[in-house]
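Descriptive structure summary
What follows is the residue order along each chain.
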Amino acid sequence: MSIEITNVNKRFGDFVALDDVSVSIPTGQLTALLGPSGGGKSTLLRIIGGLEQADTGRVVIEGVDATNLPPQKRNVGFVFQHYAAFKHLSVRRNVAFGLEIRKRPKAEIRSRVDELLALVHLEQFAERLPSQLSGGQRQRMALARALAIEPTVLLLDEPFGALDAKVRRELRDWLRRLHDEVHVSTVFVTHDQEEALEVADEIVVINEGRIEQIGSPDDLYDRPANDFVMSFLGPVTQLGDRLVRPHDLQLHTGDPAAGDIGGQIARINRIGFEIRVDVATTGQPSQDVVVTLTRNEFRALGLDVGAAVNLRLAPESHTTPAPPRQPTPADTAKSLTPSH
Ligand SMILES: Nc1ncnc2c1ncn2[C@@H]1O[C@H](COP(=O)(O)OP(=O)(O)OP(=O)(O)O)[C@@H](O)[C@H]1O
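Summarised in this report is the structure supplied together with it. (Residues numbered from 1 in each chain as written. Predicted model: local features only at pLDDT ≥ 70, side-chain atom pairs only at ≥ 80, totals over all residues. Heavy atoms only, no water.)

1. Thoughts on the sheet that holds strand S1 (residues 3-12)
Our working definition: DSSP calls a pair of strands paired once it identifies at least 2 bridges connecting them. Secondary structure counts use DSSP, requiring at least four H or I residues in a row for a helix and at least two E residues in a row for a strand, with both numbered from the N terminus.
Here we have four strands laid out as an open sheet, ordered S2-S1-S4-S5, and antiparallel in their pairing. Of all strands in the sheet, those bounded by a partner on one side alone are strand S2 (15-25) and strand S5 (64-65). Here five bridges tie S1 to strand S4 (residues 56-61), and the two strands are oriented antiparallel to one another. The residue of S4 that forms the bridge with isoleucine 3 is isoleucine 61.

2. Section: the pairing of strand S10 (residues 210-215)
On a regular strand, each side chain points to the face opposite its neighbour's, so the side chains alternate between the two faces of the sheet. As paired elements, strand S9 (residues 202-207) and S10 share five bridges and run antiparallel to each other. The residue of S10 that forms the bridge with isoleucine 206 is isoleucine 211.

3. Structural notes on the packing of aromatic side chains
What counts here: Two rings belonging to Phe, Tyr or Trp (six-membered ring only in the last case) form a pair when the distance between their centres is within 6.5 Å. Interplanar angles under 30 degrees mark stacking, angles over 60 mark edge-to-face geometry, and anything in between is tilted. The buried label applies to any residue whose accessible area, calculated with a 1.4 Å probe on protein chains only, is under 20% of its type's maximum; exposed applies above 50%, and partly exposed to all values in between. Charge-over-ring contacts are defined here by two conditions on Lys NZ or Arg CZ: a distance within 6 Å of the ring centre and an angle within 35 degrees of the ring normal.
What the rule picks out here adds up to three aromatic pairs. Ring centres of phenylalanine 78 and phenylalanine 80 lie 5.4 Å apart, and the angle between their planes is 10°; on these two criteria the pair is classed as stacked. The exposure class of phenylalanine 78 is buried, given its relative accessible area of 19%. Seen from the ring of tyrosine 221, arginine 245 lies directly overhead, with NZ or CZ sitting 4.2 Å from the centre.

4. Some details on helix H3 (residues 106-119)
Our working rule: Any helix carries an expected span of 1.5 Å times its number of residues minus one. What the arc describes is the spread of directions from the helix axis to the C-beta atoms. Contacts were defined at the residue level, with two residues in contact if any of their heavy atoms lie within 4.5 Å.
Between its terminal C-alpha atoms H3 stretches 20 Å, which fits the 20 Å expected from 14 residues at 1.5 Å a residue. If you check which residues of H3 are buried, you get Ile109, Arg112, Val113, Leu116, Leu117 and Leu119. Buried residues of H3, seen end-on, are gathered within an arc of 150° and therefore sit on one face of the element. The outward face of H3, more than 90 degrees from its buried face, is lined by the exposed residues Ala107 and Glu115. Buried residues along H3 sit in contact with helix H2 (91-101), helix H4 (135-148) and helix H5 (165-182). Histidine 121, located one to two residues past H3, shows a positive phi value of around 55°.

Written out as structure tokens, the structure reads:
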């Protein structure tokens, strides 16, 4: 394991940012810390890097107890969303910075920087100033600079967060390929589930200062531990008292079999390749259930709004118990209405 975090607690005043967090991050992998805003991802990353001190608990990096080490003694590389480059230094000098302050021989620095610039595809921009790069190029420079010192771990805090969606997607693919080349243990913070699912070998889901689940993208998507992970990692709908993925529901127009739930189609939406069908179940109370079908499935069924249909769960699909329903204003109004 490259990073062992044990029983870490962190408060800011009365606010509990991390609540008894323990996690092992494997060597050589790309691990995402994923969760909603304010959940504690950045705080955990900063504690790993030594930018923030845990109140209690331990951080061990590659077998070395780093709990009380300052950041510069942890051999970690950082990249943040808004990268602070030296504005007056060329791209080459920015990348060389960590090596220069470590007083490495000039020739070694030159060849290492050339190598890094090639790795991040910025060779032709070596003599430019950071202000003459695009946002995406600047983040690649930041990555090269963080890698220059040959860190034990690379810590990335929403590294593509400030970029537009298209560049973000490109850099995501690029980071995955880069990681396949250099294999440095990498921890990156994101609130974007698609980014985590696409890029990470392993995902740590963090919410309200606690770890909800740790697993591979497939584990988390197909076997979420609870309703939070289920809802955070993909689309969900509720059928009876279970949460289920809309594409795990089957819909048919024949005679109902045992366990089927009847309903009526309320709405049909075509979204690219998928068809989203909203079904109002006939039970009391009625539920609005979302089913997604492929175009071919939809055509074969010949469905229309108002049609009577039956719903069932596809074999081997995963469900989690739905959280208790919050009372709605309508419920409150009902309970206030005199019954006679
Ligand atoms: N220095 C600080 N002082 C006070 N509160 C802080 C401090 N740093 C973080 N917090 C609080 O701790 C909580 C967790 O913050 P953190 O940045 O770790 O969340 P996050 O999951 O990374 O969210 P985001 O994606 O929005 O950055 C937030 O409620 C935040 O306001």
